[in-house]
Amino acid sequence: MTKVKYPQKRNYRQRAHSNPLSDHSFDYPVSPDVMDWTKLYPRFKPENEVKFCDIGCGYGGLLVTLSPMFPETYMVGFEIRVKVSDYVNDRFLALRQDNEVYHNAGVIRTNAMKYLPNFFRKGQLEKMFILYPDPHFKKCKHKWRIVSEGLLAEYAYVLKVGGLVYTVSDVKEVHDWMVEHFTNFPLFERYDPPAEDKAAQVLIGSTEEGKKVLRNKGQSWTAIFKRVEDPHLVNCAGT
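Given the structure is predicted, the values throughout are model-derived calculations rather than measurements.

Caption draft 1: Inspection of the overall build of the protein chain at higher detail. Looking only at helices and strands, the protein chain features eight helices and seven strands. Taken over C-alpha atoms, the radius of gyration comes to 18 Å for the protein chain, in line with the 18 Å a tight globule of 239 residues would show. If you line up the protein chain on its principal axes, its C-alpha atoms span 65 × 45 × 40 Å. Taking all 239 residues of the protein chain together, the buried fraction comes to 49%. Once local pairs closer than 6 in sequence are excluded, the contacts in the protein chain between residues at least 24 apart make up 82%. Summed over all atoms, the accessible surface of the protein chain reaches about 12700 Å², with 50% contributed by carbon and sulfur.

Structural data, given as structure tokens:
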């Protein structure tokens, strides 16, 4: 039996940050109805749907952890950097050769700040993950952050009511920024997950960035938010 050759990160190195507002060359569907997921998942059936999305998935550590935990759930990582997304893709190709799992996880090189609704229908997703996002410390670059009022509207659109957004940062200011924006947005509320929430249990230790924080004995801050009904629609229904 031929030993599977796994990709090495040193062959896929790229700068840590990328300007999400600059013009990149991406392939993306004009609408979710024409998205061909079979190119990403070899066992994908027409009745299947992608339910989890890891925004800025980095080297894919969270997806590698979640895939065998939720074997019946299709999940995708969005990553803007070319070499990093190539690494994650090659990683899953190798894992699939070496295991009977990991056929439900994949990566797409794209810009979630621009193309999220091109991939997902309204209310399609059950879980979204924003783990250790680029902090973009300078005030003039705060518009590059992956959490903003405009982007929260898109997250609310693709998440089903009751769906969850999991956030983690090792930068307290960025954590506070995300909590403030989600808390002030009318379609999200802070959520305390039950003990049996398997995804919440692996948020910090599964990603490469989280492991680095743990090795350096740093601190990470976690916040989870639930998509709620539009209060205006609820009030209209009650009148």
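Caption draft 2: Focus on the nonpolar core. By size, the foremost hydrophobic cluster in this structure holds 43 residues, and its most contacted members are W37, V76, F78, F120, M128, Y155 and F188. Mapped by element, the contributors of at least two residues to this core are β1 (50-55), β2 (74-79), α3 (112-119), β4 (125-131), α4 (149-158), β5 (159-169), α5 (172-184) and β7 (221-227). Sequence-distant contacts of F188, defined by excluding residues within four places in its chain, comprise L152, Y155, A156, L159, V165, F182, F225, K226, R227 and V228. Core analysis: the next-biggest nonpolar cluster, separate from the first, contains 29 residues, L62, Y102, F129 and A199 among them.

Caption draft 3: Representation of the pattern of salt bridges. For the coordinates displayed, the defined rule picks out nine salt bridges. We note a salt bridge from E79 to R81, for which the minimum N-O separation is 2.7 Å. Take E79 and R81: they sit in the same class, and that class is buried.

Caption draft 4: Highlighting the packing of aromatic side chains. Tallied over the full model, the rule gives 18 aromatic pairs. Seen from their ring centres, F52 and F129 are 6.2 Å apart, and the 70° between their planes marks the pair as edge-to-face. Taken together, the positions of F52 in strand β1 and F129 in strand β4 put the pair 77 residues apart, joining distant regions of the chain. Accessibility expressed as a relative area gives 1% for F129, which makes it buried. Here the aromatic rings of F185 and F188 are separated by 6.1 Å at their centres, their planes lie at 45°, and the arrangement is tilted. The rings of W37, Y41, F44, Y74, F78, F119 and F120 are connected pair by pair, giving a single aromatic cluster. It is K198 that lies over the ring of F70; its NZ or CZ is 4.6 Å from the centre.

Caption draft 5: Representation of the packing of helix α1 (residues 61-69) against helix α2 (residues 82-98). α2 packs onto α1 with a crossing angle of 30° between their chain directions and a minimal axis gap of 11 Å. Between α1 and α2, the interaxial angle falls into the category roughly parallel. For the element pair α1 and α2, the recorded crossing hand is right-handed. Residues G61, L63 and V64 of α1 touch α2, and the partners they reach there are R91, F92 and L95. Tallied by class, residues from the contact of α1 with α2 come to four nonpolar, one polar and one charged.

Caption draft 6: Structural view of the pairing of β1. Counting buried residues along β1, five of its six residues qualify, which places the element largely inside the surrounding structure. Where β1 meets β2, five bridges bridge the pair, whose relative direction is parallel. Paired with V50 across the bridge in β2 is Y74. In this region the chain leaves β1, passes through α1 and returns to the parallel neighbour β2; the handedness of that crossover is right-handed. Two strands pair when backbone bridges link them, and β1 and β4 are joined in this way by three bridges, in the parallel orientation. What sits directly across from F52, in β4, is K127.

Criteria and cut-off values
- Residues numbered from 1 in each chain as written.
- Predicted model: local features only at pLDDT ≥ 70, side-chain atom pairs only at ≥ 80, totals over all residues.
- Heavy atoms only, no water.
- Helix = DSSP H or I, 4+ residues; strand = E, 2+ residues; numbered from the N terminus.
- Rg over C-alpha atoms; globule rule 2.2 N^0.38 Å.
- Buried < 20%, exposed > 50% of the residue type's maximum accessible area, 1.4 Å probe, protein only.
- Contact = heavy atoms within 4.5 Å.
- Areas by Shrake-Rupley, 256 points an atom, 1.4 Å probe, with all protein chains shown as cover.
- Core = buried A, V, L, I, M, F, W, Y, C linked by side-chain atoms within 4.5 Å.
- Salt bridge = Lys/Arg side-chain N within 4 Å of Asp/Glu carboxyl O.
- Phe/Tyr/Trp six-rings, centres within 6.5 Å; stacked < 30°, edge-to-face > 60°.
- Lys NZ or Arg CZ within 6 Å of the ring centre and 35° of its normal.
- Axes fitted to C-alpha atoms, helices over the stretch in contact; angles between N-to-C directions.
- Parallel < 35°, antiparallel > 145°, perpendicular 65-115°, else oblique.
- Left-handed = near helix turned anticlockwise from the far one by under 90°.
- Nonpolar A, V, L, I, M, F, W, Y, C, P; charged D, E, K, R; others polar.
- Pairing = 2+ DSSP bridges.
- Right-handed = clockwise from strand over helix to strand, strands pointing away.

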